[in-house]
Amino acid sequence: MKYPVHKALDWARSHYETLLIGLAMLLLAASLVKPQVMLKQEVHNFLLLADVSQSMNAQDLKLKNKTVSRMEYTQHLMKRIVETSSCGTYISLGAYSAENVALLFMPLEVCANYDEIMDSISQLEWRMAWSGNSRITFGVKAAEEVLDYLDTPAKMLFFTDGDEAPKANGINKLDLSDVRIGKRVMFVGIGGKEAVPIPRYNANNKWVGYWGIDSKEEGGGGGNYADASKDDPDPVVASAEYDRYLSSLDAEHLQEVAREIDGQYIEGSDSDEFLAFVQKQKPAARILSIYSLTWIYYGLAFLCILGIYLPNFWRTGGRLKIS
């Protein structure tokens, strides 16, 4: 005499195809409600901050054997970071000039907003600057306020050549001893080791010459961009090659500021090593993410359909016969 459980197993063996088809249909029906689960996970949240002062127009770097400006190089590195970031990474973008930082957009998930992020990076240029001078220490203080404003903790990658105007000294240097964001700041040095002249453009972005040595008095590679009488159509430029204001990557200054705030410094380079260093940073935030389970339901339904043919496959010695 067979027990009920044995009868049930016998029935299941003789009707396994019907059972598997029915289970597959149930799984597919369940997937229509888009099942989801919410999990907390550690994610990268990068604030890409670009120095948009005019020294970033200096052309002393190369991409694919072509000489490019520091701004173009910055854009390239930012895009490479976006390209190599996994889905679930968040990106925000900002611009630095003078003593302040402007947040261009709040953190966006990289895969869902890839085109928008890349397009925004492409639009970065010197005319976004609201003043011509550049004070890195003041910029760090301003960045602290921006990072506090974000709704989730972020790692700030500050792309700059470190060329301050006026130059930092014991009188005008800001005390950074109370900065709390040091571990969330990474300076990315952009520029060559050899000093080069800084191109000067008018308000229509037309090249008119090079900044002169006296630009240090004006604010170092800038002036007031909102003053059309200075920048459009015929701003003052260096009268001779010896009169040009020269600029190079001031890595020493950036390293000094990084040490002072307990931050990091790395020279920006178009290399796998640079990108790996960025992506290996400790995730900045823990956020609640929504994960779709639909693909699991699809996968199980597929296995059910596959299971219908497996007994026949085994009986025929590996030759699948579909009747």
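Residues numbered from 1 in each chain as written. Predicted model: local features only at pLDDT ≥ 70, side-chain atom pairs only at ≥ 80, totals over all residues. Heavy atoms only, no water.

S.K.: Just to check I follow, could you spell out the packing of helix 5 (residues 136-149) against helix 8 (residues 251-261) for this structure?
M.R.: When two helices pack together, their arrangement is given by the angle between their axes and by how far apart the axes lie. With their axes 11 Å apart at the nearest point, helix 5 and helix 8 run at an angle of 40° to one another. Between helix 5 and helix 8, the crossing angle belongs to the class labelled oblique. Pair helix 5 / helix 8 crosses with right-handed handedness. Between helix 5, through Ile136, Thr137 and Val140, and helix 8, the contact on the second element is made entirely by His253, Leu254, Val257 and Ile261. (Axes fitted to C-alpha atoms, helices over the stretch in contact; angles between N-to-C directions. Helix = DSSP H or I, 4+ residues; strand = E, 2+ residues; numbered from the N terminus. Parallel < 35°, antiparallel > 145°, perpendicular 65-115°, else oblique. Left-handed = near helix turned anticlockwise from the far one by under 90°. Contact = heavy atoms within 4.5 Å.)

S.K.: Would you explain a nonpolar patch on the surface in this entry?
M.R.: A cluster of nonpolar side chains, Trp295, Ile296, Leu300, Phe302, Leu303, Leu306 and Leu310, forms an exposed patch at the surface whose accessible area comes to about 690 Å². Looking at the element boundaries, Leu303 is found in helix 10 (residues 294-315). (Patch = residues over 30% accessible without salt bridge, like charges linked within 9 Å, V, L, I, M, F, W, Y side chains within 5 Å. Areas by Shrake-Rupley, 256 points an atom, 1.4 Å probe, with all protein chains shown as cover. Salt bridge = Lys/Arg side-chain N within 4 Å of Asp/Glu carboxyl O.)

S.K.: Quick question: what am I supposed to make of the confidence of the model for the protein chain here?
M.R.: With 80% of its residues at a pLDDT of 70 or more, the protein chain shows a mean pLDDT of 83. Mean pLDDT values over the elements of the protein chain span from 48, in helix 7 (residues 228-231), up to 98, in helix 3 (residues 70-83). The model gives residues 219-229 a pLDDT under 50, and that stretch makes 29 contacts with residues more than four places away or in other chains. (pLDDT = per-residue confidence, 0-100.)

S.K.: What is the right way to look at the side chain of Ser53 in this model?
M.R.: One can find Ser53 in the loop between strand 2 (45-51) and strand 3 (59-63). In contact with Ser53, other than residues within four places in its own chain, are Tyr96 and Ser134.

S.K.: Hey, could you run me through the state of the cysteines in this one?
M.R.: Simply put, the disulfide is a covalent bond whose two ends are the sulfur atoms of two cysteines. For the structure on display, the rule yields 1 disulfide. Across the disulfide from Cys87 sits Cys111; the S-S distance is 1.9 Å. Negative torsions about the S-S bond denote left-handed disulfides, and the value of about -90° found for Cys87 with Cys111 makes this one left-handed. Placement of Cys87 in the loop between helix 3 and strand 5 (90-97) and of Cys111 in the loop between strand 6 (100-109) and helix 4 (114-122) is noted, with a sequence separation of 24 residues between them. (Disulfide = S-S within 2.5 Å.)

S.K.: Please explain helix 2 (residues 16-31) as it appears in this structure.
M.R.: Over its 16 residues, helix 2 extends 22 Å from the first C-alpha to the last, a length consistent with the 22 Å expected when each residue adds 1.5 Å. Taken together, the buried positions of helix 2 are Ala24, Leu27 and Ser31. Taken down its axis, helix 2 places every buried residue within 65° of arc, on the same side. Set apart from the buried face of helix 2 by more than 90 degrees, the exposed residues are Thr18, Met25 and Leu26. (Expected span 1.5 Å × (residues − 1). Buried < 20%, exposed > 50% of the residue type's maximum accessible area, 1.4 Å probe, protein only. Arc of directions from axis to C-beta.)

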